[in-house]
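Working through the structure, step by step
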Amino acid sequence: MKQYDFDELIERRHTDCFKWDALQAMYGRGDLQPMWVADMDFRSPDFVMEAIRRRCSHEVLGYTMPSDGYWKAVTAWLARHYAIDTTKESLHFIPGIVAGIAYALLCFTQPGDRVLVTTPVYPPFINLPTGNGRQLVCSPLRIENGRFAIDFDDLERKAEGCKVFIMSNPHNPAGTVWGADVLRRVADICERRGVLVIADEIHADLTLPGHRHVSYSTVSDAAARNSITFMAPSKTFNIAGLGSSVCYIADETLRKRFFGWLNGFEVANGNIFAFTAAEAAFAHGEEWLSQMLEYLQGNVQALDEFLRTRMPKVKAVLPKASYLAWLDFSAYGLPHVELARRLVDEAKVALNDGTTFGGVDYECCFRLNLGCPRAVLQGALERIAAAVEK
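Residues numbered from 1 in each chain as written. Predicted model: local features only at pLDDT ≥ 70, side-chain atom pairs only at ≥ 80, totals over all residues. Heavy atoms only, no water.

**Description of the environment of Asn-172**
- Inspection of the secondary structure assignment puts Asn-172 in the loop between β7 (162-168) and α8 (180-193).
- In the structure, Asn-172 is positioned 146 residues away from Met-26 in sequence and 21 Å away in space, judged by C-alpha atoms.
- Not counting residues within four places of it along the chain, the set of residues in contact with Asn-172 comprises Pro-120, Val-121, Tyr-122, His-203, Leu-324, Phe-357 and Arg-367. (Helix = DSSP H or I, 4+ residues; strand = E, 2+ residues; numbered from the N terminus. Contact = heavy atoms within 4.5 Å.)

So this is what it looks like as structure tokens:
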């Protein structure tokens, strides 16, 4: 069995890498440790890279289509990991989940329609509705026992009159794993209110050891007939730059409507390397994924220990899935501008600003990307402590 090295330091600067090469434009300086954009600094898997090289040996890169091997790899992965027994007729390739959510909003809503989200949440969930003339409705999450939890009374009230609920499952930020009971309550509310659920499950494969992801559509008949699910190998195998995702719809009527819309506008075609990489990842990725998740779990434990011993004022929501942690610095009493300045100019670390996840309620919060070698994480945490604790 091959042992993968996740401690390896890989230079990513000057590769047109958004995470590293956009620092100057986004933060005003380029000498920061980037722990913001949600991709990992680990080497993409060898079996994925070999599949791409093998395809490149045939030096004609013409129009392409998904192979039978691609569909077999996808359906086998869904069945094995999430008990989704499906065929390719219930699936559609999507060139990225954010694009898929945008397509679903265009297909199922009109300008002025109300779109529900739970905050704090991945910024495109906020930006896509507002940027396309829809009315955003926010149901704030609560903190219960150190984790984000849905306020179901508020969710029920806010769902009235909404057309769509965009749900992050597992939740981004902070990797809350919604259990089956929680998902069934969501399905019950949304069915009674006539709200279509768009389930973004891009972090499903990144559920950490000791926890289990439940795919939304599998929890009840109500969930199955009233939902669109998006999944992808992009975060899992660090191939986000290839734009390879998949949409699953259990209900035939809903499926015909959305897939018909996608095909009518011809917006969901793939490229050679998206298909090639996804097939290799799903067909050969089990051992690499297992080792990577163990390493991420170690990073989560390292962060937890550091905060408890060195920065006990920080209220953290640590991930049970994904490599994203939510840090609340409000106990330091620093205004948002000063806190952000210290993190950038003194700690020299680029984090995601909490205000982009739902507004001023999160102005003392930041999202931290743990998908990096442990030495990098430890160094960044030392500098954050020095800047904030002084």
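So that's the structure; there's more coming.
**Description of the pairing of β7**
- Counting buried positions over the seven residues of β7 gives six, a clear majority of the element.
- In this structure, strand β3 (residues 114-119) lies alongside β7, joined through three bridges in parallel fashion. Within the sheet, the bridge partner assigned to Leu-116 lies in β7 and is Phe-165.
- In the sheet, β7 pairs with strand β8 (residues 196-200) via five bridges, with the strands oriented parallel. Its bridge partner lying in β8, Ser-168 is registered against Asp-200.
- Between the parallel pair β7 and β8, the chain is carried across by α8, and the sense of this crossover is right-handed. (Buried < 20%, exposed > 50% of the residue type's maximum accessible area, 1.4 Å probe, protein only. Pairing = 2+ DSSP bridges. Right-handed = clockwise from strand over helix to strand, strands pointing away.)

**Some remarks on the sheet that holds strand β15 (residues 365-369)**
- Strand order in the open sheet formed by four strands is β11-β12-β15-β14, with antiparallel pairing between adjacent strands. Either end of the sheet is taken by a strand with one partner, and the two such strands are β11 (315-317) and β14 (352-353).
- Summarising the sheet, β14 and β15 pair through two bridges and their orientation is antiparallel. In the sheet register, Asp-353 faces β15, and the bridge partner there is Phe-366.

**Brief notes about helix α11 (residues 272-284)**
- The end-to-end C-alpha distance of α11, which contains 13 residues, comes to 18 Å, matching closely the 18 Å that a straight helix rising 1.5 Å per residue would cover.
- Listed in full, the buried residues belonging to α11 are Ile-272, Ala-274, Phe-275, Thr-276, Ala-277, Ala-278, Ala-280, Ala-281 and Phe-282.
- The elements touched by buried residues of α11 are α3 (46-56), α4 (68-82) and β2 (91-94).
- For α11, the N-terminal capping position is held by Asn-271, with its side-chain oxygen 3.0 Å away from the main-chain nitrogen of Phe-273. (Expected span 1.5 Å × (residues − 1). Polar contact = N/O pair within 3.5 Å; in protein donor to acceptor, adjacent residues only side chain to side chain.)

**What to know about the nonpolar core**
- Ranked by internal contacts, the top residues of the largest apolar core, which has 74 residues, are Met-292, Met-311, Phe-329, Leu-368 and Ile-384.
- It is helix α12 (residues 286-310) that contributes the most residues to this core, 10 residues altogether.
- Once residues within four sequence positions are removed from consideration, Leu-368 is found in contact with Met-35, Leu-303, Tyr-323, Leu-324, Ala-325, Leu-327, Leu-351, Leu-377 and Leu-381. (Core = buried A, V, L, I, M, F, W, Y, C linked by side-chain atoms within 4.5 Å.)

**Some words on the pattern of salt bridges**
- Throughout the structure, instances matching the rule amount to 31 salt bridges.
- Ionic pairing is found between Asp-113 and Lys-163, a salt bridge with its closest N-O pair at 3.3 Å. Taken together, the residues Asp-113 in the loop between α5 (97-108) and β3 and Lys-163 in strand β7 connect sequence positions 50 residues apart.
- Lys-163 sits in the partly exposed class, given a relative accessible area of 39%.
- For the salt bridge of Arg-184 with Asp-181, the shortest nitrogen-to-oxygen distance reads 2.8 Å. Of the two residues, Arg-184 and Asp-181 are both situated in helix α8; the distance of three residues between them amounts to about one turn of the helix.
- A cluster of three or more residues bridged by salt bridges with shared partners is formed by Glu-156, Glu-160, Asp-188, Arg-192 and Arg-193. (Salt bridge = Lys/Arg side-chain N within 4 Å of Asp/Glu carboxyl O.)

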